[in-house]
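# Topology and contacts: notes
Here's the letter readout for the chains.
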Amino acid sequence: MSKRAAVALVATAMAVALTACGSGGGGGSNGAAGGSSGKLVVGFSQVGAESGWRTANTKSVQDAAKKAGVTLKFSDAQQKQENQIKAIRSFIQQKVDVIAFSPVVESGWDTVLKEAKDAKIPVVLTDRAVDSKDESLYASFLGSDFVEEGKKAGEWLVKEYQATSEPVNVVEIQGTTGSAPANDRKAGFGDVIKADPKFKVVASQTGDFTRAKGKEVMQAFLKSQPDIDVLYAHNDDMALGAIQAIEEAGKKPGKDIKIISVDGVKDAFTAMADGKINVVVECNPLLGDQLMELVKKVKAGEQVPRRIKTVEGVFTQDQAAAALPGRQY
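The text that follows walks through the structure, step by step, so that each part is easy to find. In this text the structure is predicted, and so the values were computed from the model without any measurement. (Residues numbered from 1 in each chain as written. Predicted model: local features only at pLDDT ≥ 70, side-chain atom pairs only at ≥ 80, totals over all residues. Heavy atoms only, no water.)

### What about the overall build of the chain?
Looking only at helices and strands, the chain has 11 helices and 12 strands in total. Sorting the 329 residues of the chain into buried and exposed places 49% on the buried side. For the chain, the share of sequence-separated contacts (at least 6 apart) that also reach a separation of at least 24 residues comes to 75%. With an accessible surface of roughly 15,000 Å², the chain has 52% of that area assigned to carbon and sulfur atoms. (Helix = DSSP H or I, 4+ residues; strand = E, 2+ residues; numbered from the N terminus. Buried < 20%, exposed > 50% of the residue type's maximum accessible area, 1.4 Å probe, protein only. Contact = heavy atoms within 4.5 Å. Areas by Shrake-Rupley, 256 points an atom, 1.4 Å probe, with all protein chains shown as cover.)

### Quick look at the side chain of Asn 57
The residue Asn 57 is located in helix 2 (residues 52-68) in this model. Non-local contacts of Asn 57, meaning those with residues more than four positions away in its chain, are made with Gln 46, Pro 285 and Leu 287.

### Some remarks on the packing of helix 2 against helix 10 (residues 288-299)
Between helix 2 and helix 10, whose axes approach to 7 Å, the crossing angle comes to 50°. In terms of their interaxial angle, helix 2 and helix 10 are classed as oblique. Between helix 2 and helix 10 the crossing geometry is right-handed. Of helix 10, the residues touching helix 2 (which contributes Ser 60, Val 61, Ala 64, Ala 65, Lys 67 and Ala 68) are Gly 288, Asp 289, Leu 291, Met 292 and Lys 296. Here the residues of the contact of helix 2 with helix 10 are counted per class, giving 6 nonpolar, 2 polar and 3 charged. (Axes fitted to C-alpha atoms, helices over the stretch in contact; angles between N-to-C directions. Parallel < 35°, antiparallel > 145°, perpendicular 65-115°, else oblique. Left-handed = near helix turned anticlockwise from the far one by under 90°. Nonpolar A, V, L, I, M, F, W, Y, C, P; charged D, E, K, R; others polar.)

### Comments concerning the pattern of salt bridges
Evaluation of the coordinates by the stated rule reveals 23 salt bridges. Taking the shortest distance from any N to any O, the salt bridge between Lys 194 and Asp 191 comes out at 3.8 Å. Using a relative accessible area of 64% as the deciding quantity, one classes Lys 194 as exposed. Note that Glu 248 and Lys 215 form a salt bridge whose closest N and O atoms lie 2.9 Å from each other. Pair noted here: Glu 248 is in helix 8 (residues 236-248) and Lys 215 is in helix 7 (residues 211-224), with a separation of 33 residues, a long-range link. (Salt bridge = Lys/Arg side-chain N within 4 Å of Asp/Glu carboxyl O.)

### Some words on helix 2
End to end, helix 2 covers 24 Å across 17 residues, agreeing with the expected 24 Å (1.5 Å per residue, within 8%). Within helix 2 the residues assigned to the buried category are Trp 53, Arg 54, Ala 56, Asn 57, Thr 58, Ser 60, Val 61, Ala 64 and Ala 65. Looking at the buried side of helix 2, the elements it contacts are strand 1 (41-46), strand 2 (71-76), strand 9 (258-263) and helix 10. Where helix 2 terminates, the next one or two residues include Gly 69, which has phi positive at roughly 75°. (Expected span 1.5 Å × (residues − 1).)

### Points about the sheet that holds strand 8 (residues 230-233)
Taken in spatial order, the 6 strands of this open sheet run 7-6-8-9-10-12, and their pairing is mixed. Looking at the sheet topology across the chains shown, the edges are occupied by strand 7 (199-206) and strand 12 (314-316). Each strand of the sheet is rotated relative to its neighbour by a mean of 20°, with strand direction disregarded. Two elements, strand 6 (residues 168-174) and strand 7, share 7 bridges in a ladder whose sense is parallel. Counted as the bridge partner of Gln 174 is Thr 206 from strand 7. With respect to the sheet, helix 7 is in contact with strand 6, strand 7 and strand 8, its orientation differing from that of strand 6 by roughly 150°. Sitting on the sheet, helix 8 is in contact with strand 6, strand 8, strand 9 and strand 10 (279-282), with an inclination near 155° to strand 9. (Pairing = 2+ DSSP bridges.)

Such coordinate-based values are descriptive only and should not be taken to indicate function.
Encoded structure:
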């Protein structure tokens, strides 16, 4: 054997040995996920595309991954928990480095998250939380404080009607049943208004965070409730659908029925500028850059906060026109 051939044989043997050592670690290694390029591989399961907010959230994550040099394996759950569980199991089989997902609902995740933990793949929750008692099943949560958003909505209502003692009839269009934002926005709002008995939630129903369902629910409310003073919608798309129903019923949204909404999409700011929505509590979907920074730290084994909150505001009609040009979603 020539000296050159011997050197080549030794180099090949060393490469095989190094590959074997690398694959012997936990599921978070750059193995079957295509990590031979050295890129961090993240499996991301999104709720769906039910609203303008969600579309902006997805784009933010995808753009940030590309900018950060992260390989993103994306899955759309179409608002079905079973689809999301299948996606997470697929990510585990692919041995991605980190799994990130926005849970469709709060409950029912322990089994699949335990599977990820057993595979040594860390999990990051984004936008929505889970109600698992075992906090070791996920590394961190990045997103909004939905209870605080509900409280901000309630505080605006209390201030708006502070000068009257007359009953204030409120209808509520909730988000997807069992989801964290629906549960928490309802709870936060209720905590604030319960101190004053003049505020009465006379009807409350889910609108699944969609414009079409928001319109449908509001149509039903207008038929069943003869006297509605305020609509509290858990997101802008449902509020915008409700506006269509209110106008078709011959009433003026923002005047005959005051409207409180949550999110802060451009269409809602346009409606506010037109006087059709009275106040919007912001929920920022542009979490991509923060998420990429977080998954890199988690993969590196760094200590990260259990909860990372986004900074958000409250916008009223007199602020809408000025703020509209700067809205990114």
